[in-house]
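Breakdown of the fold
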Amino acid sequence: MKFRGLSSSERRLLLVMGAALLIFALWPAAAVIRESFLNEGTFSLSAWSGLFVKNWGLILNSLAVALGVTALVLPLSILLAAKLLYGSRRGTQLLAGMLVLSTISPPFVGAMSYLMLFGRRGLITWRLLGFEWNPYGFHGIVMMEALSLLGVATLLTAASFRQGDGALEKASLDLGASPLYTFCSISLPLALPACFEVFMLVMVRSLSDFATPLFVGGRFQVLASKAYNTLTGVGDFPLACAMNALLLLPALVLLFLHFGDGRKSFSMRLKEESSLKLTGAPALLLELVSTAFIVLQFMVYGLIFWGSVMKTWGVDFSFTLEHLKGLMNFQASSYLRSLVCSFSAGLGCAIFGAVLARLLSQASGKVRGAFQAAVDLPYLVPGTFFGVGYLLVSSSLPLELPVTFLIAANCLFRQLAPSLRASQAGLAKINPELELAMRDLGGSPLRIISSLLLPLLRPFMLVAFINAFNASMTSTGPVIFLVTPYAKVASIELFDSINSGDYGAAAAMASLLTATVLAVNLMAFIVTKFSSGRNGLKC
């Protein structure tokens, strides 16, 4: 590999970062794959043969769920993205807020609300209508996974629509085409390549979701939930690793798509803003879909906050503060550990991503590609895959690492990819003549990074911090195998409460996590506004 434009100190720093990626990102992935080919310490294919012979039905179930979720999410995300960009301005800000909230909310909130509404003691099925309905099975998994993934899919789809050139839409309208025809023949086809990546991302996230099938799947099992049960209930590491390694394949396809997309060249000409506005029946359809989504989100989060102050959901709906008091009395240490891990991961992602982005901007194409692949891999692989890898690596070390360190490192390197991309976007906006001027004045490469680039990248580093903090506070799959009965985090407490049917405690923890994430995001927004106003920039 060649390092071009890097000083000796920058090369050493890049090598240190490469070593960190090798230890904390690639070693855990290699450990999982290696374990899947072992049986009592010797090479064996018994785990893989058992996977394809005895568990073939689970693979088909997983594919069926992933395809069902994608079939629901993709058209709905296109409609909601069209509402954001091409629909009426009325209600757009509320819709955007609900979409963002759905991406930063604690895990399993949708599944818990679903059971609180339609479970055997559900508010609608048992309390209002007076009958019992089986909410468990394939239909429950598909609906809840679709609800949890719809927010991020919509935001990514909207970003793909924004990549199009509004001049093409304007030309179509000027030639007499209707807004609907212009959308279907110009806007949508231009966004389809990026929408395919959204399709793959939804597939990967659905395949790797183990918690929703555990909660609402009933007897219907998928590969991810079976891998979790195999590891925690049976202790069959090779089979569980083989299951997780199989789930890695769609993530590798998505990684290949990302890598291929990163090598394309894009035109630097300014693109015209879109002036397309849908009217008539299409606009009415967009309003109906967006209104239904907003109402559903209000129901979900309203139930969570309501459930946190109800005595016993489905039995006694009287007001109580017992669940909220229980958080401070029994689960305060888990909450504080989540804060420590999340702040550490957020700060680490912001600094690591910014410095690495600067170093890679001066490195050769092969070096950039290798580092980008190593950074993207933990973000795209299933969370349980990464968590099992950390468990295998930590258990093979001669010394016992603290749980808090393992969780913080896991969250940091899993969320490093968005942080790196945010810093790369920030670097593209910095005038390179500033760096040249500082070099001419005798500034060392490390001084340029610390005194020039990092201060200018502060808004983008804040975005990286918020993304990593949000993800770390609500992370479950990557950390569930790292906690101990005496050292848990808040998201695992939430998982255990739902798994045991204690919806009051679960609702209280979900409310606390939601309030915490919203508070940190609000503070970040205020800081951004203040900094932008002081610097004379527009947000």
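For the structure itself, look to the data block above.
Let me sum up the structure you'll find in this document.

Thresholds applied
- Each chain has its residues counted from 1, running along the sequence as written.
- Selection of residues for local features in this predicted model requires a pLDDT of at least 70, selection of side-chain atom pairs for listing and counting requires 80 or more, and totals for whole chains, interfaces and linings are taken over all residues.
- Processing note: side-chain calculations cover all non-hydrogen atoms of the structure and skip hydrogens and water entirely.
- Strands here mean DSSP runs of E at least two residues long; helices mean DSSP runs of H or I at least four residues long; both are numbered from the N terminus.
- Computation of the radius of gyration draws on C-alpha atoms alone. For the globule rule, the value is 2.2 Å times the number of residues to the power 0.38.
- Categorising residues by exposure relies on relative accessible area from a 1.4 Å probe, with only protein chains included: less than 20% of the type maximum marks a residue as buried, more than 50% marks it as exposed, and the intermediate range marks it as partly exposed.
- Any two residues whose heavy atoms approach within 4.5 Å at even a single point are treated as in contact.
- For Phe, Tyr and Trp, rings pair up if their centres lie within 6.5 Å, where Trp contributes its six-membered ring, and each pair is then called stacked (planes under 30 degrees apart), edge-to-face (over 60) or tilted (otherwise).
- Note on criteria: charge over ring means Lys NZ or Arg CZ within 6 Å of the ring centre, with the direction from the centre no more than 35 degrees off the ring normal.
- For cavity detection a 1 Å grid was placed over the protein atoms alone, and a set of points counts as a cavity when a 1.4 Å probe fits there but cannot get out; an open set counts as a pocket when protein lies on both sides within 12 Å along at least five of seven lines, with lining residues being those that have an atom within 4 Å of a point.
- Grid points are joined across faces, edges and corners, and a volume is the space filled by probe spheres set on the points.
- The nonpolar class holds Ala, Val, Leu, Ile, Met, Phe, Trp, Tyr, Cys and Pro. Asp, Glu, Lys and Arg form the charged class, and all remaining residues, Gly among them, are polar.

Counting secondary structure elements, the protein chain contains 24 helices and 4 strands. In terms of overall dimensions, the protein chain is globule-like: its C-alpha atoms have a radius of gyration of 24 Å, near the 24 Å expected for 539 residues. Overall size of the protein chain, expressed as C-alpha extent along the three principal axes, is 75 × 70 × 50 Å. When each of the 539 residues of the protein chain is scored for burial, the buried share is 52%. Counted over contacts in the protein chain with a minimum sequence separation of 6, partners at least 24 positions apart contribute 78%.

This part takes up the packing of aromatic side chains. Tallied over the full model, the rule gives 21 aromatic pairs. On the numbers, 5.0 Å between centres and 55° between planes, the contact of phenylalanine 343 with phenylalanine 469 is tilted. Note that phenylalanine 343 is positioned in helix 15 (residues 332–361) and phenylalanine 469 in helix 22 (residues 458–473), a separation of 126 residues in sequence. Aromatic ring contacts, followed pair by pair, group Phe37, Phe43, Trp48, Phe52 and Trp56 into a single cluster. Between arginine 205 and the ring centre of tyrosine 379, over which it is positioned, the NZ or CZ distance is 5.7 Å.

Considering all chains together, one arrives at 2 cavities of 30 Å³ or more under this definition. Of the pockets and cavities examined, the largest cavity occupies roughly 40 Å³. If you trace the largest cavity, you find it lined by Ser338, Cys341, Ile407, Cys411, Ser472, Ser475, Val479, Val489 and Ser491. Residue assignment for the lining of the largest cavity shows that the elements contributing at least two residues are helix 15 and helix 18 (403–414). Taken together, the residues of the lining of the largest cavity break down into 5 nonpolar, 4 polar and no charged. By volume, the second largest cavity amounts to about 30 Å³.

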